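# Commentary on secondary and tertiary structure
One letter stands for each residue in the lines below.
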Amino acid sequence: MYLSMDVQPAARPYARLTVNTLTPTVRLLAWCLHLLVAGLLALAVVRAFADSAPDAGLVAAVAAMAAVTYGLGPLLPAVGRSYAGAVLWLSAVGAVWLVLLTLSPEAVWLAFPLYFVQLHLLPRRSGLVAVLLTTAAAVVGFSIHQGAFSPATAIGPSLGAAVAVAVVWSYQALYRES
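Residues numbered from 1 in each chain as written. Predicted model: local features only at pLDDT ≥ 70, side-chain atom pairs only at ≥ 80, totals over all residues. Heavy atoms only, no water.

### What to know about the confidence of the model for the chain
Put simply, the test is: For every residue, the predictor reports its confidence as pLDDT, a number between 0 and 100. A contact between two residues is defined here by any heavy atoms of the two lying within 4.5 Å.
Looking at the chain as a whole, the pLDDT averages 88, with 88% of positions reaching at least 70. Counting contacts from residues 1–19, a segment whose pLDDT is below 50, to residues more than four positions away or on other chains yields 66 contacts.

What follows is the structure in structure tokens.
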């Protein structure tokens, strides 16, 4: 989850969870999500070098760009304060991820944490559309790396998307009820 350090819930009606309103457990989960992104970026780089990929250096450079782009989100107040800021940042993160996905099949795994960030920052309908587009990109990108489409290339990203939507929407419902 993207978590703003200074925005109150009323300022972001589409993203109600902020550091100021989260329990320590949820804060820990947010940090775990950020660590997951870092770990999956590292995995793409390590695999590229371990497999002696001819573009391993490029994979490392794009993964570093993805890390910087993702890491800027919590530092940019506009991302947490406005829908437009969130969309711009998510678009930048998504664009760098797509470049990495063209270079490395391991980048497909980054779709999972992206689902959570999209669902947290965007309104319900927009978040779902973003998740569906990310899922489609993950399926197509991974299929290209595999050389063909198969049901197996679609099951992973689709199942991950379904789990992310269920978890985020369930948590949001519980949060509203409390």
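### A closer look at the packing of aromatic side chains
Any aromatic ring pair is given by two values, namely how distant the centres are and how the planes are angled relative to each other. Rule in force here: Here the aromatic set is Phe, Tyr and Trp, taking the six-membered ring for Trp, and pairing holds for ring centres within 6.5 Å; pairs whose planes are under 30 degrees apart are stacked, those over 60 apart are edge-to-face, and all others are tilted. Secondary structure elements are taken from DSSP: a helix is a run of H or I of four residues or more, a strand is a run of E of two residues or more, and numbering for both begins at the N terminus. Note on classification: 1.4 Å probe, protein chains only; a residue is buried when its accessible area is under 20% of the maximum for its type, exposed when over 50%, partly exposed between these limits. We call a charge positioned above a ring when the Lys NZ or Arg CZ atom is no farther than 6 Å from the ring centre and deviates by at most 35 degrees from the ring normal.
All chains considered together, the criterion is met by three aromatic pairs. On the numbers, 5.8 Å between centres and 45° between planes, the contact of Tyr70 with Trp89 is tilted. Here the residue Tyr70 occupies a position in helix H2 (residues 56–72), and Trp89 occupies one in helix H4 (residues 83–103), the gap between them amounting to 19 residues. An angle of 85° between the planes, with centres 5.0 Å apart, marks the rings of Phe112 and Phe116 as edge-to-face. Taken together, the residues span about one helical turn, with Phe112 and Phe116 both in helix H5 (residues 111–121) at a distance of four residues. Since its relative accessible area comes to 31%, Phe112 is described here as partly exposed. Given a relative accessible area of 12%, Phe116 falls into the buried group. Sitting over the face of the ring of Trp169, Arg124 holds its NZ or CZ atom 3.7 Å from the ring centroid.

### Overview of unusual backbone geometry
Positive phi values are uncommon outside glycine, yet Ser52 reaches one of about 50°. Examined against the element boundaries, Ser52 turns out to sit in the loop between helix H1 (24–50) and H2. In this structure Ser52 comes out as exposed when scored by relative accessible area, which is 60%.

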